[in-house]
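# Tertiary structure, described
The primary structure of each chain is shown beneath.
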Amino acid sequence: MSTLETTRSDEWSGTRAPAWNEDWLALALGLAIFALALASAFGADLLGWVVTTAVWTDPGLALAPVSKAYAALGGGGAFIVTYLALLALMSAGAAVLKADVARFALAFTAVFWIAYASWVVGSNAHLAAVTPAELSKFGIGWSLKLTNEGGYLVALVAGLVVANVFPRFAEWLKEAIRPELYIKVAIVILGAFLAIIAVGKLNLASSLILRGVAAIIEAYLIYWAVVYYVARRWFGFSREWAVPLASGISICGVAAAIATGGAIRARPGVPVLVSSLVVVFAVVEVLILPFLAQTFLWHEPLVAGAWIGLAVKTDGAAVAGGGITEALVLAKSAAEGVHYQPGWILATTATVKVFIDVFIGIWAFILGYIWTNHVNKQSADKAKAIEIWQRFPKFILGFVATFALALLLAFAAPADVAHKLPGAIGEANTFRVIFFLLTFFSIGVLSNFRKLWEEGIGKLAAVYLVCLFGFIIWVGLLISWLFYAGVKPPLAG
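All values reported here derive from a predicted model rather than from experimental measurement.

Secondary structure summary: the chain contains 20 helices and 2 strands in total. For the chain, restricting intrachain contacts to residue pairs at least 6 apart in sequence, the fraction spanning at least 24 positions comes to 78%. Summed over its atoms, the accessible surface of the chain is roughly 19500 Å², and 68% of this surface lies on carbon and sulfur atoms.

A separate point is empty space enclosed by the protein. Tallying each qualifying case throughout the model produces 3 cavities of 30 Å³ or more. In this model, the second largest cavity occupies a volume close to 40 Å³. Ile-187, Leu-190, Ala-259, Ile-360, Gly-361, Ile-396 and Phe-399 are the residues that line the second largest cavity. When contributions to the lining of the second largest cavity are tallied by element, the ones reaching two or more residues are helix 8 (179–204), helix 15 (360–375) and helix 17 (394–412). Looking at the lining of the second largest cavity residue by residue, the classes come out as 6 nonpolar, 1 polar and no charged.

The subject of this paragraph is the packing of aromatic side chains. The full count for this structure, using the stated rule, is 18 aromatic pairs. Ring centres of Phe-79 and Phe-112 lie 5.5 Å apart, and the angle between their planes is 35°; this geometry places the pair in the tilted category. Here Phe-112 lies in helix 3 (residues 101–122) and Phe-79 lies in helix 2 (residues 74–96), a separation of 33 residues in the sequence. Each member of the pair, Phe-79 as well as Phe-112, is classed as buried. Chaining the aromatic ring pairs together yields one cluster made of Phe-79, Tyr-83, Phe-104, Phe-108, Phe-112, Trp-113 and Tyr-116. Positioned above the aromatic ring of Phe-436, the side-chain terminus of Arg-432 is 5.1 Å from the ring centre. Taking the ring centre of Phe-237 as reference, the NZ or CZ of Lys-459 above it sits at 4.8 Å.

With 14 residues, helix 14 (residues 344–357) ought to run about 20 Å at 1.5 Å a step, and its terminal C-alpha atoms sit 20 Å apart, in line with that. Counting buried positions along helix 14 yields 12 of 14 residues, so the element is predominantly enclosed. All of the buried residues along helix 14 are Ile-345, Ala-347, Thr-348, Thr-349, Ala-350, Thr-351, Val-352, Lys-353, Val-354, Phe-355, Ile-356 and Asp-357.

Among the structural elements, Ile-366 can be located in helix 15. Given the relative accessible area of 38%, Ile-366 is considered partly exposed. Taking the C-alpha atoms as reference points, Ile-366 and Thr-260, separated by 106 residues in sequence, lie 9.3 Å from one another.

Before going further, it helps to spend a moment on the packing of helix 6 (residues 150–165) against helix 18 (residues 415–445). Between helix 6 and helix 18, the least distance of the axes is 6 Å, while the angle of their chain directions is 30°. As summarised for this structure, helix 6 and helix 18 are arranged roughly parallel, according to the angle between their axes. As helix 6 runs across helix 18, the sense of the crossing is right-handed. Contacts from Gly-151, Tyr-152, Ala-155, Leu-156, Ala-158, Gly-159, Leu-160, Val-162 and Ala-163 of helix 6 reach helix 18 at Arg-432, Val-433, Phe-436, Leu-437, Phe-440, Phe-441, Ile-443, Gly-444 and Val-445. A class-by-class count of the residues in the contact of helix 6 with helix 18 yields 14 nonpolar, 3 polar and 1 charged.

In this section: a nonpolar patch on the surface. There is a patch of nonpolar side chains on the surface, built from Leu-106, Val-157, Val-161, Val-165, Phe-166, Phe-169 and Trp-172 and spanning about 650 Å² of accessible area. Elements supplying a minimum of two residues to the nonpolar patch: helix 6 and helix 7 (167–172). It is helix 6 that provides the largest number of residues to the nonpolar patch, a total of 3 residues. Looking at the secondary structure, you find Phe-169 in helix 7.

How each quantity is defined
Numbers given for residues are sequential positions, taken from 1 along each chain in its written order. Restriction of local features to residues with pLDDT of at least 70 applies here, the model being predicted, together with a cutoff of 80 or more for giving and counting side-chain atom pairs; totals for whole chains, interfaces and linings are based on all residues. Each side-chain value is worked out from all heavy atoms of the structure, with water and hydrogens disregarded. Only runs of H or I of at least four residues qualify as helices and only runs of E of at least two qualify as strands under DSSP, and these elements are numbered from the N terminus. Every residue pair with non-hydrogen atoms within 4.5 Å of one another is taken to be in contact. Only the protein chains shown count as cover for residues, with accessible areas throughout obtained via the Shrake-Rupley method and a probe of 1.4 Å. Think of a 1 Å grid over just the protein atoms. A cavity is a set of points where a 1.4 Å probe fits yet cannot get out, a pocket is an open set with protein on both sides within 12 Å along at least five of seven lines, and lining residues have an atom within 4 Å of a point. Grid points are joined across faces, edges and corners, and a volume is the space filled by probe spheres set on the points. For this scheme, ten residues count as nonpolar: Ala, Val, Leu, Ile, Met, Phe, Trp, Tyr, Cys and Pro. Four count as charged, namely Asp, Glu, Lys and Arg, and the remainder, Gly too, count as polar. Any two of the Phe, Tyr and Trp rings considered here, Trp counted by its six-membered ring, make a pair once their centres fall within 6.5 Å; the pair's planes then place it as stacked at under 30 degrees, edge-to-face at over 60, or tilted in between. Burial status follows relative accessibility: with a 1.4 Å probe on protein chains alone, a residue under 20% of its type maximum counts as buried, one over 50% as exposed, and anything between as partly exposed. Sitting over a ring, as applied to charges here, requires NZ of Lys or CZ of Arg to be within 6 Å of the ring centre and within 35 degrees of the ring normal. For a helix, the expected span equals 1.5 Å multiplied by the residue count minus one. In this analysis, axes come from line fits to C-alpha atoms, helices being fitted only over the stretch in contact, and the angle between any two N-to-C directions falls in the range 0 to 180 degrees. For classification purposes, angles smaller than 35 degrees are called roughly parallel, those larger than 145 roughly antiparallel, those between 65 and 115 roughly perpendicular, and all remaining angles oblique. Left-handed describes a crossing whose near helix is turned anticlockwise from the far helix by less than a right angle; the clockwise case is right-handed. Distance thresholds for patches are 9 Å for like charges and 5 Å for nonpolar side chains (Val, Leu, Ile, Met, Phe, Trp, Tyr), applied to residues having over 30% relative accessible area and no salt bridge. Here, a salt bridge means any side-chain nitrogen of Lys or Arg that lies within 4 Å of a carboxyl oxygen of Asp or Glu.

This is the structure:
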């Protein structure tokens with residue numbers, strides 16, 4: 001049995017899940033963080049102390065509390081308070097799961113500090129700065145342009161170093177290495193965050209809404225089916241690998257791969273390895289596609305913006321790519337005597353991404369139903385309705401619930417509450433980032449290079465390379481052209 005195979009929990013092994021397990025705990029924790037964050041919109045800032053990390057060159061400016069109301073804490077104070085709060089919360093969760101709470105608390109301390117240090121390293125300007133404006137702001141001449149999502153890769157690498165260089169330490173950390181729990185909590189919180197993004201961007205670019213349906217058609221009906229077919233038929237991957245691989249490549253990287261991987265009961269290492277590849281390839285796209293858009297699509301600026309949103313699969317890299325594309329295309333257009341208003345190309349990129357993102361939970365729900373009722377049945381008989389409920393990942397219901405409630409509040413709440421809602425959800429999203437970090441570090445600790453190769457990381461990269469450069473980029477360009485050609489941003493006054 002491989003290292004990653006040992007991470008499969010009992011609830012995923014075909015036995016009946018206990019009444020209280022990691023799935024229910026993740027749902028409860030995610031909803032609790034969401035509820036506490038909402039209090040800020042109603043005047044009680046309960047989570048504003050959580051630490052956030054900015055892109056930095058001066059280490060002293062890297063950390064800060066997410067809310068100015070807690071500015072007196074400073075970056076170091078916010079970090080300590082965040083650590084203590086999560087230590088208490090997760091230790092209580094460990095007690096519910098009947099784990100060794102003392103061992104968990106000690107191991108979680110190390111896991112949290114190493115994972116968050118990885119995020120800080122990944123936020124250094126030489127790694128994370130993307131646009132020329134950012135390079136100028138920080139006074140640097142080069143950057144790897146990883147965006148701050150590069151911190152996830154740093155966390156994964158840190159975990160791999162621990163697993164391969166310090167195996168005894170990795171064993172000691174085992175009690176707190178719970179990637180399934182961490183990522184499920186993050187996905188529940190993600191629902192609210194995507195709802196707020198949708199509201200903001202759809203209001204900004206309301207004239208582009210109907211054309212954004214193209215993103216859904218492409219990602220879910222064209223991209224997903226083709227990537228799944230290639231992974232299964234050409235490269236011989238099992239369904240467990242092909243489903244999150246198709247979701248990660250065709251929909252939205254980290255969140256889609258992990259949400260759909262959970263829905264079909266894939267081992268936790270499968271979607272995270274896929275997500276890591278998505279981040280790496282997104283960096284390559286950000287370095288190449290904006291310059292191609294400037295050269296060949298400057299006369300169709302919204303086609304260029306939509307193309308970036310459809311081709312780049314992580315939200316951070318897609319938006320960063322949209323920003324670079326806008327800067328390059330506007331400069332090229334200005335040189336030709338055409339001066340467009342800024343913001344519309346980037347808004348198109350973001351709007352396309354939103355239309356893809358908001359259906360992650362629904363798609364995972366559909367896949368979960370198909371998987372439990374038709375693919376992975378425990379007997380030759382059709383699964384009973386109650387069994388579908390027992391095996392269905394409850395965290396996806398949390399994702400849908402937070403998305404729906406946040407969307408409802410954004411449209412129906414009093415104006416003063418709706419105005420504060422993005423800031424409140426932003427505080428919850430800061431926790432989502434932390435849980436993603438804990439996930440990536442945990443997967444690294446559960447892996448080693450030899451086992452990674454045995455699990456097929458080389459073949460995964462080959463599938464991604466074939467699909468991305470073989471048809472995803474070109475189909476995305478075609479659909480962008482069909483829906484956005486001839487639609488121009490307004491001219492600058």
